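Breakdown of the fold
Next come the chains, spelled out residue by residue.
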Amino acid sequence: AAGVIQSPRHLIKEKRETATLKCYPIPRHDTVYWYQQGPGQDPQFLISFYEKMQSDKGSIPDRFSAQQFSDYHSELNMSSLELGDSALYFCASSLEGTSGGYEQYFGPGTRLTVT
Amino acid sequence: AQTVTQSQPEMSVQEAETVTLSCTYDTSENNYYLFWYKQPPSRQMILVIRQEAYKQQNATENRFSVNFQKAAKSFSLKISDSQLGDTAMYFCAFMKLQYSGGGADGLTFGKGTHLIIQP
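Some details on unusual backbone geometry
Note: most peptide bonds trans; most residues except glycine with negative phi. In this structure, the amide linkage connecting A:Ser7 to the following residue, A:Pro8, adopts the cis form with an omega of -10°. Structurally, A:Pro8 is set in the loop between strand S1 (5-7) and strand S2 (10-13). Even without a glycine there, the phi angle at B:Arg43 is positive, about 75°. For B:Arg43, the location among the structural elements is in the loop between strand S5 (32-39) and strand S6 (46-52).

Quick word on the pattern of salt bridges
One pass over the structure, following the stated rule, counts ten salt bridges over all chains. With its nearest N and O atoms 3.8 Å apart, the salt bridge here joins B:Lys73 to B:Asp26. Remark: B:Asp26 occurs in strand S4 (residues 24-26) and B:Lys73 occurs in the loop between strand S8 (64-69) and strand S9 (74-79); sequence separation between them is 47 residues. Judged by relative accessible area, which is 43%, B:Asp26 ranks as partly exposed. One salt bridge in this structure joins B:Lys55 and B:Glu52, with 3.5 Å as the shortest N-O distance. Take B:Glu52: its relative accessible area is 6%, and that puts it in the buried class. In this structure, a network of salt bridges that share partners links the residues A:Glu103, B:Arg50, B:Glu52 and B:Lys55.

Details of the interface of chain A and chain B
Facing the 24 residues of chain A at the interface are 22 residues of chain B. For chain A, the biggest contributors to the area lost against chain B are A:Asp42, A:Tyr102 and A:Phe106; these three give 28% of the whole. For the pair chain A and chain B, the number of links is two salt bridges. Note that B:Lys111 and A:Asp42 form a salt bridge whose closest N and O atoms lie 3.3 Å from each other. Inspection of the region where chain A meets chain B yields nine residue pairs in polar contact (both at pLDDT 80 or more). Among the elements of the structure, strand S4 (31-37), strand S5 (44-50), strand S6 (53-57), strand S9 (87-94) and strand S10 (105-106) of chain A are those that each provide at least two residues to the side of chain A that touches chain B. For the side of chain A that touches chain B, the per-class residue count stands at eleven nonpolar, eight polar and five charged.

Reading guide: rules and limits
- Going along each chain's sequence as written, the residues are numbered from 1 onward.
- The naming scheme follows written order: chains are lettered A onward, ligands numbered 1 onward.
- Local features in a predicted model are, by the rule used here, given only for residues with pLDDT of at least 70; side-chain atom pairs are given and counted only at 80 or more, and totals for whole chains, interfaces and linings are based on all residues.
- The side-chain numbers reported here are obtained from all heavy atoms of the structure, hydrogens and water having been left aside.
- Numbered from the N terminus, helices here are DSSP runs of H or I no shorter than four residues, and strands are runs of E no shorter than two.
- Salt bridge, as used here: a side-chain nitrogen of Lys or Arg that lies within 4 Å of a carboxyl oxygen of Asp or Glu.
- Residue exposure (1.4 Å probe, protein chains only): buried if accessible area is under 20% of the type maximum, exposed if over 50%, otherwise partly exposed.
- The criterion used for residue contact is that any of the two residues' heavy atoms lie within 4.5 Å.
- Joining two parts hides part of their accessible area as seen by a 1.4 Å probe, and the buried area is that hidden amount summed over both.
- For the purposes of these results, a polar contact is taken to be a pair of N or O atoms within 3.5 Å, where, inside protein, one atom must be able to donate a hydrogen and its partner to accept one; residues adjacent in sequence count only when each atom of the pair is a side-chain atom.
- For this classification, the nonpolar set comprises Ala, Val, Leu, Ile, Met, Phe, Trp, Tyr, Cys and Pro, the charged set comprises Asp, Glu, Lys and Arg, and every other residue, Gly included, is treated as polar.

Here's what the structure looks like:
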């Protein structure tokens, strides 16, 4: 079965640079979520989109922005990178409503290292 | 805001034993889902089991089952006949459904329990 695809899998950036992470949800899934997991931490919810509209917002810094496109893929844009942004970034997708189960399926993650 | 508490940072059991991981949560919501996720050393997040709050029957998935006590806001995971491949970090997670339609909120995770299955 198709899974969530994230690219790139690894990314190294310097402080103050910009990074763009991409997420391709499971086909027919209508909701995308972004999470950040620091070393030894639990995942923290950043932002979500349902049918290309922002659905919920968590602890996303103002330096970060995201959107969902017409083909349902999503991008997380991160600017003015800081050392503390080094983390594993997960994208998850789900199918909402009575036809879905609200179960979020996670991609393999993008490991971002800021030097 | 919701909070999820996992009081066991680490547990260790012998292969083939049964183990129970604890999770409690705090919410004023009535319409929500609860999940257990597994994160092995590869760091992939794997959905283990789901429980809808409106269902009284406890969810089961093969060797995995939950004990959902809504009034007590408790949601424990039982793993039967544990296997070496069950060694992983286990996260309990809460998700609130949106009343206005258009999906659900993001997951709120507990701090996790590191489960080690000994041969």
